[in-house]
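Fold and contact review
Residue-level listing of the chains:
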Amino acid sequence: MIAAGPLDGIKVVEFATMVSGPYCGKMLADMGADVIKIEPPEGDPSRRCGPFPKTGPHPERSALFLYNNTSKRGVTLNMVTAGGLDAFKRFVRWADVLIDNYPPSYLESLGLGWDEMCKLNTELIYTSITPYGRTGPRANVKGDELTIIHAGGLGNLMPTRSVDVDRAPVKMGGHPVGYHGGITAAFATMSALLGRVKTGCGRAIDISLQEVILAMIQPNVAGNRYHDSSWSRVPDRPPAMGRMKSKDGYIIVGAPEDHHFRAFVELMGNPEWGTTPEWNSMAYRINRVMDIAPMMDEWMLQQTNEDVYHAGAKKRIPMGPINSARDVMNSQQYAARGYFVEVDHPEVGKYRYAGWPYQMSATPPRVGRPAPLLGQHNQEVYRNCLGYSPEEFEHLQRTGTI
């Protein structure tokens, strides 16, 4: 028998696209919340993002969409039709939580700002995720992975950040901004739900993706601005040594603390150039690390990723290989933790999906159902949850509202 999820009975409406809002919704859905995903009739844009298992582009086979929308029911809704706004208001009345990652001006332009939604549902938890927050001079400025990575300062940690590199800005691989924003939004939403138990009142949550990223790297932002270090001038060489090339790939070494650095010197066999007393000072290392970088690189080139990773782990040095997708899927550690879960989708079949960034023993998360087909649950939701009669539902279909 499957244990009840910690969020069983919580009703969530997800009015969001791509990654941040849908990942927030996925986290709640996989913990048992009844999450209804609202898509425009043409579908969430992530349906058109690859990779696509088995074939080329297909709206039901996007790996990005399939992963971020597990355990949800899905409906379509055309907000600009006569009946669309009424249907959305019914969703607001029905829900405990509304997740929204559209620009702040969108719902407000339809007469559905926070004050209006409070009148429809005084207990609503409204979680808004936007590039720069709902207020201030940049509230309605567009933002995406590329712009937020740099607006939040994360781009300053990338090897290509140096002022000496003559090229256009680049972003990190994947969707780190979206996923971190989704995690933050999910935690804030669950906190607000706990608060509602005591107060009985709803709450508006304003998630700025720029602030999420800034919170991740705030010490580095100050350090790079106010310390004249070799790191601020030379790409790909942070104080902790950063990315290093090994015999068979690359490995990340994070040894900024004094005890970490001493352990790393021991790992290298205590070479004379790394054992003099001044190297025990972090301030000294920050400014002079490039003096010993060639020797460290020469040593690392003689090591394999597997050997140096396990040897470093025994000395408690924060380090790890840069893995390929195949390496990750075949990881013995992930297998031992049961990290990957198998999901059977009616369109693409069975695949292993990434699991969750946490573990819970009493109420473990689970994939209750695969990601929905476009409009899969229209009749079920509009009639059973929102109370539309058969005739009204037919009218919604006929008028292009859904």
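Bear in mind the structure is a predicted one, so any value in this text is a computation, not a measurement.

Here we look at the environment of Val-289
- Topologically, Val-289 is positioned in helix 10 (residues 282-300).
- Distance from Val-289 to Arg-366, taken between C-alpha atoms, is 46 Å for residues 77 residues apart in sequence.

Quick word on a nonpolar patch on the surface
- Together, Tyr-250, Ile-252 and Ile-322 make up an exposed nonpolar region whose accessible area comes to about 250 Å².
- On the basis of relative accessible area, Ile-252 is assigned to the partly exposed category, the value being 39%.

Things to note about the nonpolar core
- The biggest cluster of nonpolar side chains holds 40 residues, and the ones touching the most others in it are Val-12 and Leu-28.
- Broken down by element, the residue count for this core peaks at 6 residues, all from helix 7 (residues 176-199).
- Among residues more than four places away in sequence, those in contact with Val-12 are Leu-28, Ala-33, Asp-34, Val-35, Ile-36, Trp-94, Val-97 and Ile-99.

Comments concerning the environment of Gly-400
- With respect to the helices and strands, Gly-400 occurs in the segment after helix 15 (390-398).
- Residues Gly-400 and Trp-279, spaced 121 residues apart in sequence, show a C-alpha to C-alpha distance of 70 Å.
- Beyond its immediate sequence surroundings of up to four residues, Gly-400 is in contact with Asn-78 and Thr-81.

A closer look at the pattern of salt bridges
- The full count for this structure, using the stated rule, is 16 salt bridges.
- Across the pair Asp-96 and Arg-196 runs a salt bridge whose closest N-O atoms are separated by 3.0 Å. One end of the pair, Asp-96, is in the loop between helix 3 (84-94) and strand 4 (97-100); the other, Arg-196, is in helix 7, and 100 residues separate them in sequence.
- It is possible to trace a salt-bridge network through shared partners that takes in Glu-14, Lys-37, Asp-44 and Lys-72.

Topic: the state of the cysteines
- Tallied over the entire structure, the rule returns 0 disulfides.
- Take Cys-201: it sits in no disulfide, and the sulfur closest to it among the cysteines is that of Cys-118, at 9.4 Å.
- On the basis of relative accessibility, which here comes to 44%, the residue Cys-201 falls in the partly exposed class.

Side note on the domain arrangement of the chain
- Per the domain assignment, the segments of the chain are domain 1 (11-217 + 356-398) and domain 2 (250-321).
- Taken over C-alpha atoms, the centre of domain 1 sits 42 Å from the centre of domain 2.

Focus on the sheet that holds strand 2 (residues 34-39)
- Ordered by their spatial adjacency, 6 strands build an open sheet running 3-2-1-4-5-6, and the pairing between neighbours is parallel. Each end of this open sheet is capped by a strand with a single partner; those strands are strand 3 (73-76) and strand 6 (203-208). Each strand axis lies, on average, 20° off the axis of its neighbour in the sheet, ignoring direction.
- Here strand 5 (residues 125-130) pairs with strand 6 via 6 bridges, running parallel. Bridge assignment links Thr-127 to a residue of strand 6, and that residue is Ile-205.

Quick notes on the rules
Residues numbered from 1 in each chain as written. Predicted model: local features only at pLDDT ≥ 70, side-chain atom pairs only at ≥ 80, totals over all residues. Heavy atoms only, no water. Helix = DSSP H or I, 4+ residues; strand = E, 2+ residues; numbered from the N terminus. Patch = residues over 30% accessible without salt bridge, like charges linked within 9 Å, V, L, I, M, F, W, Y side chains within 5 Å. Areas by Shrake-Rupley, 256 points an atom, 1.4 Å probe, with all protein chains shown as cover. Salt bridge = Lys/Arg side-chain N within 4 Å of Asp/Glu carboxyl O. Buried < 20%, exposed > 50% of the residue type's maximum accessible area, 1.4 Å probe, protein only. Core = buried A, V, L, I, M, F, W, Y, C linked by side-chain atoms within 4.5 Å. Contact = heavy atoms within 4.5 Å. Disulfide = S-S within 2.5 Å. Domains from an automatic or database assignment. Pairing = 2+ DSSP bridges. Axes fitted to C-alpha atoms, helices over the stretch in contact; angles between N-to-C directions.

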